There are 2 protein chains.
Amino acid sequence: MESFAQPLSSGAARPGGRTARTRERVLEAVTAILPEKGFDGLTVEAVAARSGVHRTTVYRRWRDTGGLLADAFDAAREMPWEPPDTGTLLGDLTEVNRQVVAALTERPSIAQALIAASFRSAVAATALREFWEDRFARAGVVVSRAAERGEIGTDAGAREVLVAACAPVFYELVLMRAPVTDDLAERYARAGAAVAAAGW
Amino acid sequence: MESFAQPLSSGAARPGGRTARTRERVLEAVTAILPEKGFDGLTVEAVAARSGVHRTTVYRRWRDTGGLLADAFDAAREMPWEPPDTGTLLGDLTEVNRQVVAALTERPSIAQALIAASFRSAVAATALREFWEDRFARAGVVVSRAAERGEIGTDAGAREVLVAACAPVFYELVLMRAPVTDDLAERYARAGAAVAAAGW
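Values in this document were obtained by computation on a predicted structure and should not be read as measured data.

A. Region of the structure containing the overall build of chain A. In terms of regular secondary structure, chain A is built from 10 helices and zero strands. Along chain A, helices and strands appear, N-terminal first, in the series α-α-α-α-α-α-α-α-α-α. Judged by the C-alpha coordinates and their principal axes, chain A covers about 55 × 35 × 25 Å. Looking at the 200 residues of chain A, the share that counts as buried comes to 56%. Long-range contacts, defined as pairs at least 24 residues apart, comprise 72% of the intrachain contacts of chain A with a sequence gap of at least 6.

Written out as structure tokens, the structure reads:
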């Protein structure tokens, strides 16, 4: 699934030559191992065994667990993702939030596993941040389109609006481990819309 | 410092008898070890050595790392904390957010260390959630006071308003590891105020 918040799903790497296929197999192993075994289980040995790629190849190209995680985020960033275009800011923010909810609540959740890993590896933490900044930059168009439609003023900061909408969902589902409610995505999409309407 | 988001600072346990003093020494050791050595360093052995409390006592009463973390959160919840009362909702939410920023950016940050630990221990994750739910319940008065003053309508959900204000700060400082900016606390306090003004 293409998703705002989904760093990688299986078959993420693009088709290509032998090198691309090796990467695809390695990253599929990473995203399979991480939700199952956690950060401690994500070793070069385990990835080599699962992917069938020789361990010296994995060592040479990815070096260690941090390198594997960083490349998983890079691959996620390279995947196609288009911001929603529902016709209203609230609709777009709700759709973005639904993608966040879906990525954080699927079982197993690669997104949750990568977030947990970011507390164990500085390289993964940086890669996670770059992944989300890239998504915020690309999603900014939902705010500028709303301004062009005259739905909101032109002075709303796109990143602030998106963070106001998404952050409560991450907070509830990642830090609070709260149960999902039907209206979670829309409830906080309205927080983003309220921020946009307030015009800052 | 009393803080909305600060689970424990040194000297957190109340004075009392011998049992209370033992607890205080153990929890001081927990909050010293965790930011320094991380979850993996927080063993019963290490806490016994640092606190000077006999290891059989620590084992008997706290059992394991999870038990130590859960008691640290319980002790934090028992600490006095009064919600701000600045006279305006935006002022109160800004003050709450300033406390969140302070707790998450002090070095070392016990709050950050406890959040990281919550990804390693289900007991700690539950304790963290209970700690914050307790804080949200107590802080709800800033929203009801604003409604009594006629500053906002009476239909704003206190928890939603508080989450709209605080979650972006947690998101930026915990998940994005973003640098603190001067206006971070107030910027997202305004998100909470916008939600309250929108009246849901």
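Next comes the rest of the write-up.
B. Spotlight on the interface of chain B and chain A. At the interface, 34 residues of chain B touch 34 residues of chain A. For the pair chain B and chain A, the two sides together bury roughly 3200 Å², of which 68% comes from carbon and sulfur. For chain B, the biggest contributors to the area lost against chain A are F119, Y171 and R177 of chain B; these three give 21% of the whole. Connecting chain B to chain A are six salt bridges. One salt bridge connects D40 of chain A with R120 of chain B, and the closest N-O pair in it is separated by 3.7 Å. Run the count over chain B and chain A and you get eight residue pairs in polar contact (both at pLDDT 80 or more). Looking at the side of chain B that touches chain A, the elements with two or more residues in it are α6 (110-118), α7 (122-139), α9 (158-175) and α10 (184-198) of chain B. With 11 residues, α9 of chain B is the largest single contributor of residues to the side of chain B that touches chain A. Per-class residue counts for the side of chain B that touches chain A are 23 nonpolar, one polar and 10 charged.

C. Here's a closer look at the domain arrangement of chain A. All names here are of chain A. Taken domain by domain, chain A holds domain 1 (18-77) and domain 2 (89-198). Here the C-alpha centre of domain 2 lies 27 Å away from the C-alpha centre of domain 1. Listed as interface residues are 11 residues of domain 1 and, on the opposing side, 17 residues of domain 2. Taken over both partners, the interface formed by domain 1 and domain 2 buries close to 1300 Å², and the fraction arising from carbon and sulfur atoms is 78%. Contact with domain 2 buries area across many residues of domain 1, yet F39, F73 and R77 alone supply 50% of it, more than any other trio. At the boundary of domain 1 with domain 2, the tally comes to two salt bridges. Counting across the domain 1 and domain 2 interface gives two residue pairs in polar contact (both at pLDDT 80 or more).

D. Focus on the environment of V96 of chain A. All names here are of chain A. As for its position among the elements, V96 is in helix α5 (residues 89-105). By relative accessible area, which is 1% here, V96 ends up buried. For the pair V96 and R107, spaced 11 residues apart in the sequence, the C-alpha separation amounts to 19 Å. When neighbours within four sequence positions are excluded, V96 is seen to be in contact with F4, P84 and C166.

E. Local environment of unusual backbone geometry. Residues and elements named next belong to chain A. Omega for the bond connecting R107 with P108 falls within 30 degrees of zero, at -5 degrees, which places this linkage in the cis form. Residues other than glycine seldom take positive phi values, yet R63 does so here, at roughly 70 degrees. Tracing the backbone shows R63 in the loop between α3 (55-62) and α4 (65-78). By relative accessible area, which is 63% here, R63 ends up exposed.

F. The side chain of T94 of chain B, seen in detail. Structurally, T94 of chain B is set in helix α5 (residues 89-105). Excluding its chain neighbours within four sequence positions, the residues that come into contact with T94 of chain B are A185, E186 and A189 of chain B.

G. How the structure looks around the environment of G41 of chain B. Residues and elements named next belong to chain B. Among the structural elements, G41 can be located in helix α1 (residues 18-41). Separated by 23 residues in the primary sequence, G41 and D64 place their C-alpha atoms 12 Å from one another. Once residues lying within four places of it in the same chain are set aside, the contact partners of G41 are I33 and A46.

H. Seen up close, the pattern of salt bridges. All names here are of chain A. With the rule as written, the count across this model stands at 31 salt bridges over all chains. When the shortest N-O distance is used, the salt bridge between R77 and D74 registers 3.3 Å. Within this pair, R77 and its partner D74 are both found in helix α4, separated by three residues, close to a single helical turn. The class for D74 is partly exposed, based on a relative accessible area of 28%.

I. Representation of the side chain of S121 of chain B within the structure. Residues and elements named next belong to chain B. Mapped onto the elements, S121 comes out in the loop between α6 and α7. Residue classification places S121 among the buried residues on the basis of a relative accessible area of 10%. Not counting residues up to four positions away in its chain, the partners in contact with S121 are F39, G66 and L69.

Cut-offs and rules
- Residues numbered from 1 in each chain as written.
- Chains lettered and ligands numbered in written order.
- Predicted model: local features only at pLDDT ≥ 70, side-chain atom pairs only at ≥ 80, totals over all residues.
- Heavy atoms only, no water.
- Helix = DSSP H or I, 4+ residues; strand = E, 2+ residues; numbered from the N terminus.
- Buried < 20%, exposed > 50% of the residue type's maximum accessible area, 1.4 Å probe, protein only.
- Contact = heavy atoms within 4.5 Å.
- Buried area = accessible area lost by both parts, 1.4 Å probe.
- Salt bridge = Lys/Arg side-chain N within 4 Å of Asp/Glu carboxyl O.
- Polar contact = N/O pair within 3.5 Å; in protein donor to acceptor, adjacent residues only side chain to side chain.
- Nonpolar A, V, L, I, M, F, W, Y, C, P; charged D, E, K, R; others polar.
- Domains from an automatic or database assignment.

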